[in-house]
Structure formats: structure tokens, C-alpha cells
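For reference, the chains in residue letters:
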Amino acid sequence: MSLFTIFNVAGSGMAAQSVRLNTVASNLANADSVASSPEAAYRSREPLFAAVQQRVGLADQAQAEGVRVAGVTESQAAIPSRYEPGNPLANADGYVYSSNVNPVDELVNMISASRSYQNNVEVMNSTRQLLQKTLDLGK
Amino acid sequence: MTPDNLFGIHTKALDVWQRRSEVLANNLANADTPDYKARDVDFSKVLAAASGAADADGVSLATPTPGQIGGASAAQGALEYRVPNQPTMDGNTVDEQVEQAAFAANGVHYQASLSFITAQIRMLRTAITGGQG
């Protein structure tokens, strides 16, 4: 019954988007974190999605069955430094290193992730209705 | 009268709509996956293959005894890549609006096939009960 696999597909989409929302929340929460070295500074994170190839058949029919989070990447953008000698985390020269989170990027990501999540919820709701109608067949 | 020719093409159509909704759900789930190419089922091609007595691809099971059910689903194969409306930087060709619209239309088609089958069942029930039930 292929309508049931849609629940898995849409569920995997929702799970992936919620991971994305989680990283956005983590990035925004750490936007103002500071550290005493560039290595220890918080770097903006973003999940990388990949399609799940499950149906093994002819090469032409290999088809995606949902989506998964392939990994989480860290932004390689430059870490900004500030001169704050009074900061308890400042290094010997008086510098602190803040995160490279771009709040505008994160907000855009958040909107995109929540829209995609809603799309998957909508797919699930429609499928549930269709299944219900199929169960009522002949009544 | 076997159930297959009682319901005509609608059971096969139902199978195709179901398969297509699965493909479209996949597209929507992978709306943010880099390099994912959106796919769709070519309905007319699948229906032509399903309604033709001779199987073009020759992968269906033979059904020598009346009442046997063929093994291969009508909607297998015939998956094609969608032509993207606009290019994207990450190579993804899913256009969420297009997929949403296709999914909604697909649901309506599925319900239409269902109601045709329901009408056939009602007709049969009327024939059995002679209009008494």
C-alpha cells in the first residue's frame, strides 16, 4: 500500500526540517557568544540534506524514499575579533572572538525551514484524508 | 463478471494516482536537498501501458488462470524528470508551488476514481437487493 509510505516520506521531511530549525535556534542563541581564541569561537552550523535511495530496481527506477540529514557543516566564514580588555574571556592581548553567525541568514533559513515543514504536514493531512476515503469505499 | 472488468479502468487509475502521490510527496520532502531532481509519473503513458492487453515492457506476471492477480504494478516505471521552471544554485529542481498544485490535483483525481468505484458498488448492490436494501 503505497499511500502508507507517504507517511514515512513526509515524516522524514519533517524530521529533516526540524533538525534545520534546531540548528537555526542554536545559531541564533550563540550569535553573541564570545571565546578567547578563534578555534574556540562558535561557528554557524547548517545541516546538509540528502535523498534516501531505497527502492533498488532497474537503474531508471531507483527512486528516492524520503530525505535524511547527511551531516552538519560549520561555516568557514572569518571569525570576527573585538578588543575588550575588560572581558573575563579576553586573551593576553585583550581580544575576544565572537561567533560568525549571520542573524539575517538564520532568519531566512528559519522561514524556509518552517514553510517546508508545513508543506510536509499538508502532504500528510491530504494522504490521511485519501486513506480515510479509501476505507469508506462502498459505504 | 469479474471485479476487474466491473470496475473497469478505475482500479488501475487508482494505482497510478497512488504511485504518483508517493512520487510527489518525495519531491516535497526533498525540496531542500542539494542536487535532487524532481520526478513525476507520466499518467497517459502509464494508463496506456496498463489498459493495453499486451505488456510493452514484458515484466508483468502471466495470469493464465482466470481470477489471478498480475504481479507487476501498473505504475512502475514511466518516472520522468520534471523540466525546471528556473535554475537553482544547488542543482535542486523542486518547485514547491508546482509540486503542491500537482499533489492537490492528484488527490482530487484519486477521489474521483474512488467515487466511480463506489458508484459501481452501489449499482451492484441495487441489482442484488432489487432496490429493497
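Residues numbered from 1 in each chain as written. Chains lettered and ligands numbered in written order. Predicted model: local features only at pLDDT ≥ 70, side-chain atom pairs only at ≥ 80, totals over all residues. Heavy atoms only, no water.

Looking only at helices and strands, chain A has two helices and five strands in total. Taken from N to C terminus, the helices and strands of chain A fall in the order α-β-β-β-β-β-α. Relative to its length of 139 residues, chain A is extended, with a C-alpha radius of gyration of 22 Å against a globular reference of 14 Å. In terms of overall dimensions, chain A has C-alpha extents of about 80 × 35 × 20 Å along its principal axes. Per-residue burial for chain A yields a buried fraction of 37% across its 139 residues. Partitioning the intrachain contacts of chain A with sequence separation of at least 6 by distance along the chain shows that 60% fall at a separation of at least 24. About 7,800 Å² of surface is accessible on chain A, with carbon and sulfur atoms providing 54% of the total. Charged side chains of chain A number 10 positive and 12 negative; the gap between the two group centres comes to 12 Å. (Helix = DSSP H or I, 4+ residues; strand = E, 2+ residues; numbered from the N terminus. Rg over C-alpha atoms; globule rule 2.2 N^0.38 Å. Buried < 20%, exposed > 50% of the residue type's maximum accessible area, 1.4 Å probe, protein only. Contact = heavy atoms within 4.5 Å. Areas by Shrake-Rupley, 256 points an atom, 1.4 Å probe, with all protein chains shown as cover. Lys, Arg positive; Asp, Glu negative; His and termini not counted. Charge placed at Lys NZ, Arg CZ, Asp CG, Glu CD.)

Glancing now at the sheet that holds strand β1 (residues 34-35) of chain A. Residue and element names in this part refer to chain A. Taking strand neighbours across the sheet as the criterion, the three strands line up as β1-β5-β4 in an open arrangement whose pairing is antiparallel. Of all the strands in the sheet, the pair left with one neighbour each is β1 and β4 (81-83). Examined bridge by bridge, β1 and strand β5 (residues 95-98) share two bridges and lie antiparallel to one another. Looking at the pairing, Ala35 lines up with Tyr97 of β5. (Pairing = 2+ DSSP bridges.)

Between chain B and chain A, the contact holds 30 residues from the first and 36 residues from the second. In total, about 2,800 Å² of surface goes out of reach between chain B and chain A, with carbon and sulfur atoms giving 52% of it. Per-residue buried area on chain B facing chain A is highest for Glu22, Ala29 and Asp32 of chain B; these three make up 19% of the total on that side. Counting every contact that joins chain B to chain A gives one salt bridge. Between Asp32 of chain B and Arg20 of chain A there is a salt bridge, and its shortest N-O distance comes to 3.0 Å. For the pair chain B and chain A, the interface holds eleven residue pairs in polar contact (both at pLDDT 80 or more). Elements with a contribution of two residues or more to the side of chain B that touches chain A: α2 (10-29) and α4 (96-129) of chain B. The dominant element in the side of chain B that touches chain A, judged by the number of residues it contributes, is α4 of chain B, at twelve residues. Class assignment of the residues belonging to the side of chain B that touches chain A gives a composition of twelve nonpolar, eleven polar and seven charged. (Buried area = accessible area lost by both parts, 1.4 Å probe. Salt bridge = Lys/Arg side-chain N within 4 Å of Asp/Glu carboxyl O. Polar contact = N/O pair within 3.5 Å; in protein donor to acceptor, adjacent residues only side chain to side chain. Nonpolar A, V, L, I, M, F, W, Y, C, P; charged D, E, K, R; others polar.)

Of all hydrophobic cores here, the largest spans 24 residues; its most connected members are Leu3 and Val123 of chain A together with Ala25 and Tyr110 of chain B. For this core, the secondary-structure elements that each account for two or more residues are α1 (2-29) and α2 (103-135) of chain A together with α1 (3-7), α2 and α4 of chain B. If you tally residues by element for this core, the top one is α2 of chain B, at seven residues. Excluding residues that lie within four positions of it along the chain, Leu3 of chain A makes contacts with Thr127, Leu130 and Leu131 of chain A together with Gln18, Ser21 and Tyr110 of chain B. (Core = buried A, V, L, I, M, F, W, Y, C linked by side-chain atoms within 4.5 Å.)

Throughout the structure, instances matching the rule amount to three aromatic pairs over all chains. Consider the rings of Phe4 of chain A and Phe7 of chain A, whose centres lie 6.4 Å apart with planes at 35°: the pair is tilted. Taken together, the residues Phe4 of chain A and Phe7 of chain A, both in helix α1 and three residues apart, mark about one turn of the helix. On the basis of relative accessibility, which here comes to 48%, the residue Phe4 of chain A falls in the partly exposed class. Lying across the ring of Tyr81 of chain B, Arg39 of chain B places its NZ or CZ 4.5 Å from the centre. (Phe/Tyr/Trp six-rings, centres within 6.5 Å; stacked < 30°, edge-to-face > 60°. Lys NZ or Arg CZ within 6 Å of the ring centre and 35° of its normal.)

Once that is clear, we can look at a nonpolar patch on the surface. Residues Leu28, Leu107 and Met110 of chain A make up a contiguous nonpolar surface patch of roughly 220 Å² in combined accessible area. With respect to the helices and strands, Met110 of chain A occurs in helix α2. (Patch = residues over 30% accessible without salt bridge, like charges linked within 9 Å, V, L, I, M, F, W, Y side chains within 5 Å.)

Viewed as axis vectors pointing N to C, α2 of chain A and α4 of chain B meet at an angle of 5°, and their least axial separation amounts to 10 Å. It follows that α2 of chain A is roughly parallel to α4 of chain B by the angle criterion. For the pair α2 of chain A and α4 of chain B, contact is made by Ser116, Asn119, Glu122, Val123, Ser126, Thr127, Leu130, Lys133 and Thr134 of chain A and by Glu96, Gln100, Phe103, Gly107, Tyr110, Gln111 and Leu114 of chain B, respectively. Classifying every residue of the contact of α2 of chain A with α4 of chain B gives five nonpolar, eight polar and three charged. (Axes fitted to C-alpha atoms, helices over the stretch in contact; angles between N-to-C directions. Parallel < 35°, antiparallel > 145°, perpendicular 65-115°, else oblique.)

So, on to the side chain of Glu99 of chain B. All names here are of chain B. Tracing the backbone shows Glu99 in helix α4. Accessibility expressed as a relative area gives 0% for Glu99, which makes it buried. When sequence neighbours within four positions are dropped, the list of residues in contact with Glu99 reads Leu24, Asn27, Leu28, Ala38, Arg82 and Val94.

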